[in-house]
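The chain contents come next:
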Amino acid sequence: MKIKKYVALMLALVMLLGVLGSCAAKGQTLMKLEKEKITVNTFYLFLSRLKGYLSTANAYGLSAENDGFWDTMMSTDGTTYDDYYTNQILENAKLYAAALHAFRERGLKLPKETVKAIDDELKEIIDTEWEGSKTEFNKKLATYGANYDVLREAKIIEAKIEYLREDLFGTDGSKIDAQFKEDHYRKNYRHFKQMFFYTCNFVTEIDEEGNEKVVTGSDGYAKTEPMTEKEIQLVIDRTAEAYGKAVVDGTSFLDAWKNGKVAKGDAGLFDALLNETDANGKYVYTEDPGRELYPNGIYLKADSDYDFPEVRDAVFEMSVDEIRVIRSDYGFHIVMCYENDAGAYADAANSDCFAGFASNLEDLLLEEYLAPYLALVEIDEKAYAGISIKDVAANLHY
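Rules behind the numbers
- Each residue is numbered by its place in its chain's sequence as written, counting from 1.
- Only residues with pLDDT of 70 or above have their local features reported here, since the model is predicted, and side-chain atom pairs are shown and tallied only from 80 upward, although totals for entire chains, interfaces and linings are computed over all residues.
- Excluding hydrogens and water, the side-chain figures rest on all heavy atoms present in the structure.
- Using a 1 Å grid laid over the protein atoms alone, points where a 1.4 Å probe fits but cannot get out form a cavity; open sets with protein on both sides within 12 Å along at least 5 of 7 lines form a pocket; any residue with an atom within 4 Å of a point counts as lining.
- Grid points are joined across faces, edges and corners, and a volume is the space filled by probe spheres set on the points.
- Comment: elements are numbered from the N terminus, with helices defined as DSSP H or I runs of at least four residues and strands as E runs of at least two.
- The residue classification treats Ala, Val, Leu, Ile, Met, Phe, Trp, Tyr, Cys and Pro as nonpolar and Asp, Glu, Lys and Arg as charged. All others, Gly included, are polar.
- Note on pairing: DSSP must find at least two bridges between two strands before they are called paired.
- Convention adopted: a line fitted to C-alpha atoms gives each axis, helices being fitted over their contacting stretch, and angles between N-to-C directions are expressed from 0 to 180 degrees.
- It only takes one pair of heavy atoms within 4.5 Å for two residues to be counted as in contact.
- Buried residues are those whose accessible area, probed at 1.4 Å on protein chains only, stays under 20% of the maximum for their type, while exposed residues exceed 50% and partly exposed ones sit between those limits.

**A word on empty space enclosed by the protein**
Over the atoms, a rolling probe the size of a water molecule traces out where space has been left empty.
Working step 1: As enumerated under the stated definition, the model contains one cavity of 30 Å³ or more in all.
Working step 2: As a volume, the largest cavity reaches approximately 80 Å³.
Working step 3: For the largest cavity, the full set of lining residues is Phe 192, Lys 193, Gln 194, Leu 274, Asp 288, Gly 290, Arg 291, Tyr 294, Gly 297 and Ile 298.
Working step 4: It is strand E3 (residues 190-198) that provides the largest number of residues to the lining of the largest cavity, a total of three residues.
Working step 5: Among the residues forming the lining of the largest cavity, the class breakdown is four nonpolar, three polar and three charged.

Here it is as structure tokens:
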């Protein structure tokens, strides 16, 4: 990095700390709904948290810490990444303001022990991470557009919203009508099972104890290498055999694979094939590593973070008992769409598939509940016009 550029960046940072620090002291209001408000600095704190996530390997990585990235257009209408994500936090903040108003309107108050827990948490952070120096802690928070009071207020806001959710919906959604849960589940989830055959080999190595183990890459996934043409043909033959046994009415394996044609299956037959094992107890018609983890099959939403998005997308186009052949980077999938089992979201065996089901449903209901208040939120457009996600550092901790 050139010296001039480094000095310019440092000067910009100093100016930023001065601007944000002074705003924190004044507590400039960005939006309000009657007696409730969200300040500019609370908004900056929320922005810094989002920037923190977006700068991880799960999102944009280190690119998100580069101002040039945020100035890049992400759509043909001229919207930049800065515009998009700053507006996303604006919409979330409006929900927060509406929720705070609803909290007050319902006559709710945070228990004293909740407030004490927040104060104790912040004290522990200062003692353990900042050697007891609130001043040093504030210097760090200033890079996020905040200070101790702003962070404390943000935590109280979040606690109030959580308290409001529990008041409305009960613990773990216990007040939500069972039929409503069932309808939501059936509308938004699809159920499938699959036979799977690898078309790649895993890279292995011998560990210190002399055992063979699969090598994992920096992305957390197992490293693979291509199969030979002969190996691939054996996999194709094996997949074609399994497909032929599973289909009760429909097209050939090659037509299903090459041309995307669909066939009809039978749940009982498909289950029997999936459960068939050889003399060594190894599954005959699948190499799916999730076979043991998901004995009831897999349930997905359209936006589920599934390892094989081409499978996820196909399942949402399929009807019950339909079979498709899908080729992914890892192998062949013979996928059959199943009927959604009643109450599957409450079955412990399906817990991985329905992680966050209750909280996501509560989010949906809370947004509906708060909708009438959103139009009443007043935004200081002049204050908002000067806000950019570039103004704050990536916040992964506070």
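Back to the write-up after that little detour.
**Looking at the pairing of strand E1 (residues 29-33)**
Working step 1: Pairing analysis gives four bridges linking E1 to strand E2 (residues 36-39), with the strands arranged antiparallel. Counterpart to Lys 32 in the pairing with E2 is Lys 37.
Working step 2: Between the end of E1 and the start of E2, which pair antiparallel, lie two residues, with Glu 34 showing a positive phi angle near 55 degrees.

**Quick look at the sheet that holds strand E10 (residues 298-300)**
Working step 1: Read from one edge of the open sheet, six strands run E8-E9-E11-E12-E3-E10, paired in antiparallel fashion. Only two strands of the sheet have a single neighbouring strand rather than two, namely strand E8 (247-250) and E10. Adjacent strand axes in the sheet meet at a mean angle of 40 degrees when their direction is disregarded.
Working step 2: Where E3 lies against strand E12 (residues 331-338), eight bridges are found, and the strand directions are antiparallel. When the bridges of E12 are listed, Phe 192 appears paired with Cys 337.
Working step 3: On top of the sheet, helix H11 (residues 267-275) reaches E3, E8, strand E9 (263-265), strand E11 (322-327) and E12; it is set at about 40 degrees to E3, its chief contact.

**Thoughts on the environment of Arg 327**
Working step 1: Structurally, the position occupied by Arg 327 is in strand E11.
Working step 2: Take Arg 327: its relative accessible area is 37%, and that puts it in the partly exposed class.
Working step 3: It is 9.2 Å that separates the C-alpha atoms of Arg 327 and Thr 199, two residues lying 128 residues apart in sequence.
Working step 4: Once you skip the residues sitting within four places of it in the chain, Arg 327 turns out to touch Thr 199, Ile 232, Trp 257, Glu 310 and Phe 332.

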